[in-house]
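Each chain, letter by letter, is given below.
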Amino acid sequence: QVQVVESGGGLVQAGGSLTLSCAASGMFSIVRMEWHRQAPGKQRELVAAMTFGGSTDYADSVKGRFTFSRDSAKNTVYLQMNSLKLEDTAVYYCAAARRTPSRATDLWGRGTQVTVFS
(Lines give C-alpha, C1' and ligand atoms only; values in the text may rest on other atoms or scores of the structure.)
Protein backbone atom coordinates (compact mmCIF):
# COMPACT_ATOMS: atom_id res chain seq x y z
CA GLN A 1 0.00 0.00 0.00
CA VAL A 2 1.26 3.46 -0.83
CA GLN A 3 2.09 5.83 1.99
CA VAL A 4 3.73 9.16 2.64
CA VAL A 5 5.95 10.03 5.56
CA GLU A 6 6.96 13.62 6.26
CA SER A 7 9.87 14.80 8.33
CA GLY A 8 12.01 17.84 8.98
CA GLY A 9 9.85 19.82 11.35
CA GLY A 10 11.29 21.60 14.32
CA LEU A 11 11.93 24.93 15.95
CA VAL A 12 13.07 27.87 13.87
CA GLN A 13 13.43 31.55 14.58
CA ALA A 14 11.28 34.02 12.68
CA GLY A 15 12.97 34.97 9.45
CA GLY A 16 14.75 31.67 9.24
CA SER A 17 14.37 28.72 6.92
CA LEU A 18 13.39 25.11 7.18
CA THR A 19 12.95 22.31 4.68
CA LEU A 20 10.39 19.56 5.06
CA SER A 21 10.71 16.22 3.32
CA CYS A 22 8.09 13.71 2.34
CA ALA A 23 9.03 10.23 1.25
CA ALA A 24 6.41 8.47 -0.81
CA SER A 25 6.06 4.84 -1.70
CA GLY A 26 4.09 3.83 -4.75
CA MET A 27 4.78 7.18 -6.38
CA PHE A 28 3.83 5.78 -9.75
CA SER A 29 0.21 5.65 -8.62
CA ILE A 30 0.10 9.22 -7.33
CA VAL A 31 -1.29 11.96 -9.52
CA ARG A 32 -0.86 14.91 -7.16
CA MET A 33 1.05 15.67 -4.00
CA GLU A 34 0.24 18.36 -1.52
CA TRP A 35 1.46 20.08 1.60
CA HIS A 36 -1.15 21.11 4.12
CA ARG A 37 -0.88 22.75 7.48
CA GLN A 38 -3.07 23.27 10.48
CA ALA A 39 -2.31 25.96 13.00
CA PRO A 40 -3.84 26.06 16.48
CA GLY A 41 -7.40 27.28 16.30
CA LYS A 42 -7.42 27.35 12.52
CA GLN A 43 -8.81 25.17 9.77
CA ARG A 44 -6.45 22.96 7.83
CA GLU A 45 -5.02 24.87 4.90
CA LEU A 46 -3.65 23.72 1.57
CA VAL A 47 -0.19 25.24 1.36
CA ALA A 48 1.09 23.91 -1.94
CA ALA A 49 0.33 21.30 -4.56
CA MET A 50 2.29 19.60 -7.30
CA THR A 51 0.83 17.63 -10.17
CA PHE A 52 2.36 14.53 -11.67
CA GLY A 53 3.72 16.74 -14.44
CA GLY A 54 5.51 18.92 -11.92
CA SER A 55 3.42 22.07 -12.04
CA THR A 56 2.99 23.78 -8.69
CA ASP A 57 0.51 26.03 -6.97
CA TYR A 58 0.87 27.88 -3.70
CA ALA A 59 -1.42 29.46 -1.21
CA ASP A 60 -1.25 33.24 -1.26
CA SER A 61 -0.02 33.23 2.30
CA VAL A 62 3.18 31.41 1.35
CA LYS A 63 3.70 32.46 -2.25
CA GLY A 64 7.19 33.79 -2.78
CA ARG A 65 8.45 32.25 0.44
CA PHE A 66 7.83 28.52 0.06
CA THR A 67 9.02 26.27 -2.74
CA PHE A 68 7.66 22.83 -3.57
CA SER A 69 10.16 20.55 -5.28
CA ARG A 70 10.72 16.88 -5.89
CA ASP A 71 13.39 14.30 -6.47
CA SER A 72 11.68 11.69 -8.58
CA ALA A 73 14.57 9.26 -8.30
CA LYS A 74 14.13 9.24 -4.53
CA ASN A 75 10.34 9.38 -4.58
CA THR A 76 10.65 12.35 -2.28
CA VAL A 77 9.15 15.82 -2.30
CA TYR A 78 10.29 18.84 -0.36
CA LEU A 79 8.88 22.05 0.96
CA GLN A 80 11.54 24.72 1.30
CA MET A 81 10.26 27.36 3.67
CA ASN A 82 12.02 30.71 3.80
CA SER A 83 11.37 33.94 5.66
CA LEU A 84 9.31 32.08 8.20
CA LYS A 85 6.78 34.00 10.22
CA LEU A 86 5.16 33.29 13.55
CA GLU A 87 1.91 32.57 11.73
CA ASP A 88 3.60 29.73 9.86
CA THR A 89 3.58 27.73 13.08
CA ALA A 90 1.50 24.65 12.41
CA VAL A 91 1.49 20.94 11.96
CA TYR A 92 2.48 20.32 8.36
CA TYR A 93 1.08 17.34 6.51
CA CYS A 94 2.19 15.70 3.34
CA ALA A 95 -0.70 14.32 1.34
CA ALA A 96 -1.30 12.65 -1.98
CA ALA A 97 -4.05 11.98 -4.44
CA ARG A 98 -3.84 8.49 -5.86
CA ARG A 99 -4.91 7.44 -9.32
CA THR A 100 -8.60 6.98 -8.67
CA PRO A 101 -11.64 8.24 -10.58
CA SER A 102 -12.13 11.08 -8.10
CA ARG A 103 -8.44 11.87 -7.67
CA ALA A 104 -9.26 12.93 -4.17
CA THR A 105 -6.57 13.63 -1.63
CA ASP A 106 -6.80 10.32 0.16
CA LEU A 107 -3.34 9.58 1.51
CA TRP A 108 -2.05 11.51 4.49
CA GLY A 109 1.08 11.56 6.54
CA ARG A 110 0.97 11.89 10.30
CA GLY A 111 2.30 15.42 10.28
CA THR A 112 5.40 17.20 11.46
CA GLN A 113 5.38 20.16 13.81
CA VAL A 114 6.90 23.44 12.69
CA THR A 115 7.23 26.05 15.39
CA VAL A 116 8.41 29.55 14.57
CA PHE A 117 9.48 31.71 17.48
CA SER A 118 10.55 35.29 17.95
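As a reminder, the structure under discussion sits directly above these lines.
Not measured: the values here are computed from a predicted model.

Asker: Sorry if this is basic, but what is going on with the overall build of the chain here?
Answerer: Helix and strand counts for the chain come out as zero helices and eleven strands. Its helices and strands in sequence order give the chain the pattern β-β-β-β-β-β-β-β-β-β-β, from N to C terminus. In summary, the chain has a C-alpha radius of gyration of 14 Å against a globular reference of 13 Å for 118 residues, a match within 12%. Once the C-alpha set of the chain is aligned to its principal axes, its extents read approximately 45 × 30 × 25 Å. Put simply, the chain has 118 residues, and 42% of those count as buried.

Asker: How should I be thinking about the nonpolar core in this particular structure?
Answerer: Among soluble globular proteins, nonpolar side chains are generally buried collectively. Core analysis: the biggest nonpolar cluster contains 29 residues, and Met33, Trp35, Leu79, Met81 and Tyr92 have the highest contact counts within it. In contact with tyrosine 92, other than residues within four places in its own chain, are Glu6, Leu20, His36, Arg37, Val47, Phe66, Leu79, Met81, Gly111, Thr112 and Val114.

Asker: I would appreciate a short explanation of the pattern of salt bridges in the present structure.
Answerer: Two side chains with opposite charge may pair up if their charged atoms get near one another. If you walk through the whole model with that rule in mind, you get six salt bridges. Between glutamate 34 and arginine 32 there is a salt bridge, with its nearest N and O atoms 2.7 Å apart. Between arginine 98 and aspartate 106 there is a salt bridge; the shortest N-O distance is 3.3 Å. On the accessibility criterion, aspartate 106 (32% relative accessible area) is partly exposed. Bridged by salt links that share partners, the residues Arg37, Glu45, Arg65 and Asp88 form one connected network.

Asker: Please explain the pairing of strand 8 (residues 76-81) as it appears in this structure.
Answerer: In the case of a regular strand, side chains alternate between the two sheet surfaces. Judged from the six bridges that link them, strand 3 (residues 18-25) and strand 8 form a sheet pairing that is antiparallel. Across the sheet, leucine 20 pairs through a bridge with leucine 79, a residue of strand 8. Here strand 7 (residues 66-71) folds back onto strand 8, and the loop between the two strands holds four residues, one of which, asparagine 75, carries a positive phi near 50°.

Asker: Could you clarify how one ought to interpret the state of the cysteines in this entry?
Answerer: Joining two cysteines, a disulfide is a covalent bond between their sulfur atoms. Within this structure, the stated rule accounts for one disulfide. Between the sulfur atoms of cysteine 22 and its disulfide mate cysteine 94 the distance is 2.0 Å. Note on the cysteine 22 and cysteine 94 pair: the S-S dihedral is about -80°, so by sign convention the disulfide is left-handed. Taken together, the residues cysteine 22 in strand 3 and cysteine 94 in strand 9 (residues 90-98) connect sequence positions 72 residues apart.

Basis of the calculations
Residues numbered from 1 in each chain as written. Predicted model: local features only at pLDDT ≥ 70, side-chain atom pairs only at ≥ 80, totals over all residues. Heavy atoms only, no water. Helix = DSSP H or I, 4+ residues; strand = E, 2+ residues; numbered from the N terminus. Rg over C-alpha atoms; globule rule 2.2 N^0.38 Å. Buried < 20%, exposed > 50% of the residue type's maximum accessible area, 1.4 Å probe, protein only. Core = buried A, V, L, I, M, F, W, Y, C linked by side-chain atoms within 4.5 Å. Contact = heavy atoms within 4.5 Å. Salt bridge = Lys/Arg side-chain N within 4 Å of Asp/Glu carboxyl O. Pairing = 2+ DSSP bridges. Disulfide = S-S within 2.5 Å.

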